[in-house]
Amino acid sequence: MIEAPRGTKDILPNEIKIWHFIEEVSRKIFEIYGYNEIRTPIFEFTELFMRGIGEFTDIVNKEMYTFQDHKGRNLTLRPENTASVVRAYLEHELNKNLPNAKLYYLGPMFRYERPQAGRQRQFWQIGTEAFGSDNPGLDAEVIAMILHLFSELGISNLETHINSVGCNSCRNDYKLDLVNHLSPQKEELCSDCKVKLNKNPLRILDCKRKNCRSLASKIPSIDLSLCKSCKEHLDQVCDYLKELNINYIVNPYLVRGLDYYTHTTFEIIDKSLGAQNAVAAGGRYNNLIAQMEGPDIPAIGFAAGIERIILSIKNSFTSNERNDDNKSIYLATTSPKAHLAGIKIIQELRKAGFMVNMDWTSKSLKSQLRRAHKLRANFTIILGEEEISKHEVEIKNMKDGNQIRVSIDKLNEYFVKKFYVEGKLV
Ligand code: ATP
Ligand code: MG
């Protein structure tokens with residue numbers, strides 16, 4: 001039997017509700033903050049990610065799903081969405097055509113990583129990108145939006161870690177500092193980090209190997225190298241966060257795994273998740289648009305992994321706290337003749353917006369009721385020849401077992417009352 005590839009997962013019907021919930025809440029929150037949705041292709045030219053994410057990052061070096069199409073074009077399944085959104089932004093001149101260039105996305109990303117809890121090869125991200133301002137207030141607004149989103153999703157106990165990775169100039173000073181400190185201990189670094197020491201020393205701070213982490217923790221942190229304006233930017237982001245009563249931790253070793261970041265970087269962490277504990281991450285990328293041959297436009301964005309959000313929601317809620325929003329009706333028949341009248345009844349109920357399942361098996365009433373229970377129907381309509389002759393149905397409340405006769409013409413009214421008035425949805 002052929003199975004799904006390692007690192008991918010089917011999302012089955014019994015799990016889909018939480019996905020819909022996250023998608024709906026995310027769209028609502030992003031739109032409240034003035035973002036509009038953008039959908040970019042799942043694959044792009046490989047060069048886009050090499051230039052956008054950076055040639056010497058783990059993502060580009062080791063994690064991309066790259067292939068050639070029939071004409072020999074070099075393509076890659078997107079490992080993240082920022083580079084694609086920037087490409088689309090430039091290609092369609094959204095800086096001129098959109099009065100408010102704030103975009104959000106939602107979709108699958110692909111990285112060849114070692115699968116483990118909260119880490120897959122195909123995983124879903126939600127995220128936003130805001131173009132056109134380098135005001136530190138916007139950085140704080142993005143963080144506030146993410147925390148607002150998580151609070152709506154019922155996730156609490158999060159930590160917000162922030163840092164600045166500086167601008168091109170002070171970051172270069174820091175890179176030299178890193179090389180000077182680490183070169184004498186080069187032999188103790190892992191083979192990847194030995195290469196990074198020459199090509200991209202900042203990424204050594206991002207290495208997850210124990211030995212490299214311990215060496216990295218002994219080198220001076222970037223805050224000592226930041227130039228005056230980068231330091232001021234970070235201080236102002238902190239002032240805005242304080243104004244919004246958002247608790248944060250300045251973590252001067254937080255550099256993030258992508259090359260495009262400048263100034264503010266941040267991660268939202270759920271400690272209960274264990275090793276893969278970053279639920280959301282992001283930062284400023286003031287040079288990326290110019291680097292992709294566009295105008296000099298600053299931007300800031302973030303991405304969050306939906307699979308990790310789900311793990312986090314499951315840790316935050318106990319199962320009986322989650323409300324059961326199931327609203328459904330089942331139609332059971334006691335005579336094959338009732339099928340004809342039944343289909344008409346349920347079609348009317350569906351047009352009125354009720355979820356109805358009908359039995360087509362002509363099994364005993366007992367086994368039909370068993371099936372209604374399994375489907376978690378709130379009510380079962382029982383229809384037989386006697387009911388049809390009286391233009392009525394029998395309705396069984398599946399929770400308390402009570403039965404009541406209702407005229408077929410009054411069915412819609414009856415269920416509106418049961419589901420929306422007594423169920424308090426009005
Ligand atoms: P990590 O340090 O966990 O590898 P990252 O720095 O690679 O994360 P980003 O590229 O910034 O993460 O992606 C943002 C978010 O997307 C992460 O915080 C995480 O929630 C999610 N994410 C990233 N990679 C994966 C993956 N392989 N599987 C599931 N979720 C992921
Ligand atoms: Mg990663």
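Residues numbered from 1 in each chain as written. Chains lettered and ligands numbered in written order. Predicted model: local features only at pLDDT ≥ 70, side-chain atom pairs only at ≥ 80, totals over all residues. Heavy atoms only, no water.

### Remarks on the overall build of the protein chain
Rules: By the criteria applied, helices consist of DSSP H or I runs no shorter than four residues and strands consist of E runs no shorter than two, each listed in order from the N terminus. The atom set for the radius of gyration is the C-alpha atoms, and the globule formula is 2.2 Å times the number of residues raised to the power 0.38. Relative accessibility thresholds used throughout: buried, under 20% of the residue-type maximum; exposed, over 50%; partly exposed, between the two (1.4 Å probe, protein chains only). Whether two residues are in contact is decided by their heavy atoms, any of which lying within 4.5 Å being enough. Only the protein chains shown count as cover for residues, with accessible areas throughout obtained via the Shrake-Rupley method and a probe of 1.4 Å.
Regarding its fold elements, the protein chain presents 16 helices and 16 strands. The globule rule puts the C-alpha radius of gyration for 426 residues at 22 Å, and the 28 Å found for the protein chain is more than 25% above it. Considering only C-alpha atoms, the protein chain reaches an extent of 90 × 55 × 45 Å along its principal axes. Taking all 426 residues of the protein chain together, 49% fall into the buried category. The long-range fraction of contacts in the protein chain, counting pairs at least 24 apart against all pairs at least 6 apart in sequence, stands at 68%. Split by element, the accessible area of the protein chain, about 22300 Å² in all, is 50% carbon and sulfur.

### Description of the packing of aromatic side chains
The cut-off we apply is this: Pairing of aromatic rings covers Phe, Tyr and Trp, the last through its six-membered ring, and needs centres within 6.5 Å; plane angles under 30 degrees mean stacked, over 60 mean edge-to-face, and all others mean tilted.
In this structure the tally under the stated criterion is 17 aromatic pairs. For the pair F43 and F67, a centre-to-centre distance of 6.2 Å together with 75° between the ring planes defines the contact as edge-to-face. In this pair, F43 is assigned in strand β2 (residues 43-45) and F67 in strand β3 (residues 65-68), connecting sequence segments 24 residues apart. In this structure F43 comes out as partly exposed when scored by relative accessible area, which is 44%. F67 gets classed as partly exposed once you look at its relative accessible area, which sits at 32%. Pairing F379 with F419 gives two aromatic rings, centres 5.6 Å apart and planes at 85°, and the pair type is edge-to-face.

### Examining the nonpolar core
Here is a general trend for soluble globular proteins: nonpolar side chains tend to be buried in one another's company. Put simply, the test is: For the purposes of this section, nonpolar cores are sets of buried Ala, Val, Leu, Ile, Met, Phe, Trp, Tyr and Cys residues that join through side-chain atoms within 4.5 Å.
Core analysis: the biggest nonpolar cluster contains 93 residues, and F131, F150, L153, F302 and I309 have the highest contact counts within it. A total of nine residues in this core trace back to one element, the largest contributor, which is helix α6 (residues 136-152). Discounting residues that sit within four places of it in the chain, F150 has contacts with I155, L158, I268, V279, A280, A304 and I309. With 20 residues, the next largest nonpolar core counts I329, M358, V393 and I395 among its residues.

### What about the site of ligand 1?
This is how the line gets drawn: A cutoff of 4 Å decides nearness: a residue is near a molecule or strand if any of its heavy atoms lies inside that distance of it. Here a polar contact is recorded for every N or O atom pair within 3.5 Å, except that within protein the pair must consist of a potential hydrogen donor and a potential acceptor, and residues adjacent in sequence are included only if both atoms are side-chain atoms. We call Asp, Glu, Lys and Arg charged. Ala, Val, Leu, Ile, Met, Phe, Trp, Tyr, Cys and Pro are nonpolar, and the rest, Gly among them, are polar.
Lining the immediate environment of ligand 1, one finds 16 residues, of which R111, E113, R119, Q120 and R256 sit closest. Contact distances for ligand 1 include 2.7 Å between an oxygen atom and a side-chain N or O atom of R111. For ligand 1, an oxygen atom lies 3.1 Å from a polar atom in the backbone of V279. Elements that contribute at least two residues to the shell around ligand 1 include exactly β6 (122-131), β10 (278-284) and β11 (299-305). Ranked by residue count, the leading element in the shell around ligand 1 is β10, at four residues. Broken down by class, the residue content of the shell around ligand 1 amounts to six nonpolar, four polar and six charged.

### Some words on unusual backbone geometry
Non-glycine residue H263 carries a positive phi angle of around 50°. Along the chain, H263 turns up in strand β9 (residues 262-270). One non-glycine residue, E293, lies in the positive phi region at around 70°. Checked against the element boundaries, E293 lands in the loop between α11 (288-291) and β11. By relative accessible area, which is 67% here, E293 ends up exposed.

### Digging into helix α1 (residues 16-32)
Convention followed: Helix span is expected to be 1.5 Å times the residue number reduced by one.
Over its 17 residues, α1 runs 24 Å from end to end, which matches the ideal 24 Å to within 8%, given 1.5 Å per residue. Restricting attention to buried positions, one finds in α1 the residues I18, W19, I22, E23, V25, S26, I29 and F30. In this fold, the buried residues of α1 make contact with β5 (102-110), β6, α6, β11 and α12 (306-316). Two residues or fewer after α1 comes G34, characterised by a positive phi angle close to 90°.

### Regarding the sheet that holds strand β1 (residues 36-37)
In a beta sheet, neighbouring strands are held together by backbone hydrogen bonds and run either parallel or antiparallel to one another. Going by this rule: Strands are labelled as partners when DSSP assigns at least two bridges between them. Axes here mean lines fitted to C-alpha atoms, for a helix over just the part in contact, with angles spanning 0 to 180 degrees between N-to-C directions.
Strand order in the open sheet formed by eight strands is β1-β5-β6-β11-β10-β9-β7-β8, and the pairing between neighbours is mixed. The open sheet is flanked by β1 and β8 (249-250), the only strands paired with a single partner. Bridge count for strand β7 (residues 158-164) against β9 is seven bridges, and the pairing is antiparallel. Looking across to β9, one finds that I162 is bridged to F266. Sheet contacts for helix α10 (residues 228-243): β7, β8, β9 and β10; angle to β7, the most-contacted strand, approximately 155°.

### Some points on the side chain of K396
Counted only if it meets this: Only four residue types enter the charge count, namely Lys and Arg as positive and Asp and Glu as negative; His and the chain termini do not. We define a salt bridge as a side-chain nitrogen of Lys or Arg found within 4 Å of a carboxyl oxygen belonging to Asp or Glu.
Tracing the backbone shows K396 in strand β15 (residues 392-397). Of the side chains bearing the opposite charge, D400 lies closest to the buried K396, which forms no salt bridge; the N-O distance is 8.0 Å. Every residue in contact with K396, bar those within four places of it in the chain, is listed here: L369, N378, F379, T380, I382, G401, N402 and Q403.

### Concerning the side chain of E307
Positionally, E307 belongs in helix α12. Despite being buried, E307 has no salt bridge partner; K9 is the closest side chain of opposite charge, sitting 7.3 Å away. Filtering out sequence-adjacent residues up to four positions away, E307 remains in contact with W19, Q120, Q122, F123 and W124.

### Digging into the pattern of salt bridges
Any two side chains of opposite charge can pair, on the condition that their charged atoms come close. Summed over the entire model, instances satisfying the criterion amount to 31 salt bridges. Taking the shortest distance from any N to any O, the salt bridge between E141 and K102 comes out at 3.6 Å. Residue E141 is found in helix α6, and its partner K102 is found in strand β5; the two are separated by 39 residues along the sequence. Residue classification places E141 among the partly exposed positions, given a relative accessible area of 31%.

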